[in-house]
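Understanding the architecture of this molecule
Okay, here's what each chain looks like letter by letter:
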Amino acid sequence: MKVSVILCTCNPREYYLRRVLAALAAQTLESSAWELLLIDNASHPSVPMSVLNGLTNARLIREDEPGKPYALMTGIKLSKADMMVTVDDDNVLSPDYLA
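Residues numbered from 1 in each chain as written. Predicted model: local features only at pLDDT ≥ 70, side-chain atom pairs only at ≥ 80, totals over all residues. Heavy atoms only, no water.

**Thoughts on the overall build of the protein chain**
- Along the backbone of the protein chain there are two helices and four strands.
- Each helix and strand of the protein chain, ordered N terminal to C terminal, gives the series β-α-β-β-α-β.
- In terms of overall dimensions, the protein chain is globule-like: its C-alpha atoms have a radius of gyration of 12 Å, near the 13 Å expected for 99 residues.
- Taking all 99 residues of the protein chain together, 42% fall into the buried category.
- Sequence-distant contacts, at least 24 apart, represent 68% of the contacts inside the protein chain between residues at least 6 apart. (Helix = DSSP H or I, 4+ residues; strand = E, 2+ residues; numbered from the N terminus. Rg over C-alpha atoms; globule rule 2.2 N^0.38 Å. Buried < 20%, exposed > 50% of the residue type's maximum accessible area, 1.4 Å probe, protein only. Contact = heavy atoms within 4.5 Å.)

What follows is the structure, encoded as structure tokens:
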């Protein structure tokens, strides 16, 4: 695995989050070369697993301590790749970004 994408979110606007996840699903880098760690940072209600529909290389992880530093540290600890990319929950990446 080459890249871990760490996406932290707290009470995301569903429309924006789905756009970000759709852009990640459309990446030209094959899905076996990267993973997505979607960190739900104390959202109320929790981010549903259904947002990961179609992203087989993704994990939804709950971090109950509020604050982006806690969410990022959780993602870093659970990352399986040597390279990490952080993406905000309103950043739509171009299809070749990870490649």
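**Things to note about the sheet that holds strand β1 (residues 3–9)**
- Across the sheet, which stays open at both edges, the four strands sit in the order β3-β2-β1-β4 with parallel pairing between neighbours. In the strand order of this sheet, the two ends are held by β3 (58–63) and β4 (83–88), each with one partner. For this sheet the average axis-to-axis angle between neighbouring strands, irrespective of direction, equals 25°.
- As judged from the six bridges shared by β1 and β4, these two strands associate in the parallel manner. In the strand pairing of β4, Cys8 is matched with Asp88.
- Together, β1, β2 (34–41) and β4 form the strand contacts of helix α1 (residues 14–25), whose direction differs from that of β1 by roughly 175°. (Pairing = 2+ DSSP bridges. Axes fitted to C-alpha atoms, helices over the stretch in contact; angles between N-to-C directions.)

**Section: the nonpolar core**
- Counting residues in hydrophobic clusters, the biggest one holds 21 residues, and the most contacted among them are Val5, Leu7, Leu21, Leu24, Trp34, Leu36 and Leu98.
- Among the elements of the structure, β1, α1, β2 and β4 are those that each provide at least two residues to this core.
- The dominant element in this core, judged by the number of residues it contributes, is α1, at four residues.
- When neighbours within four sequence positions are excluded, Leu36 is seen to be in contact with Val5, Leu7, Leu21, Leu24, Leu52, Leu55, Asn57, Ala58 and Arg59.
- Of all hydrophobic cores here, the second largest spans six residues; its members include Ile6, Ile39, Ile61 and Ala71. (Core = buried A, V, L, I, M, F, W, Y, C linked by side-chain atoms within 4.5 Å.)

**Here's the deal with α1**
- Helix length check: α1 (twelve residues) gives 16 Å between terminal C-alpha atoms against 16 Å at 1.5 Å per residue, within 8%.
- If you check which residues of α1 are buried, you get Leu17, Val20, Leu21, Ala23 and Leu24. In an axial view of α1, the angular spread of the buried residues amounts to 155°, which keeps them on one side of the axis.
- The elements touched by buried residues of α1 are β1, β2 and β4. (Expected span 1.5 Å × (residues − 1). Arc of directions from axis to C-beta.)

**So, the packing of aromatic side chains**
- Counted under the stated rule, the structure contains one aromatic pair.
- When the centroid spacing of 5.6 Å and the interplanar angle of 70° are considered together, the rings of Tyr15 and Tyr16 count as edge-to-face.
- With relative accessibility at 56%, the residue Tyr15 sits in the exposed group.
- On the basis of relative accessible area, Tyr16 is assigned to the partly exposed category, the value being 33%. (Phe/Tyr/Trp six-rings, centres within 6.5 Å; stacked < 30°, edge-to-face > 60°.)

Fair warning: the whole summary comes from geometry, so function is off the table for now.
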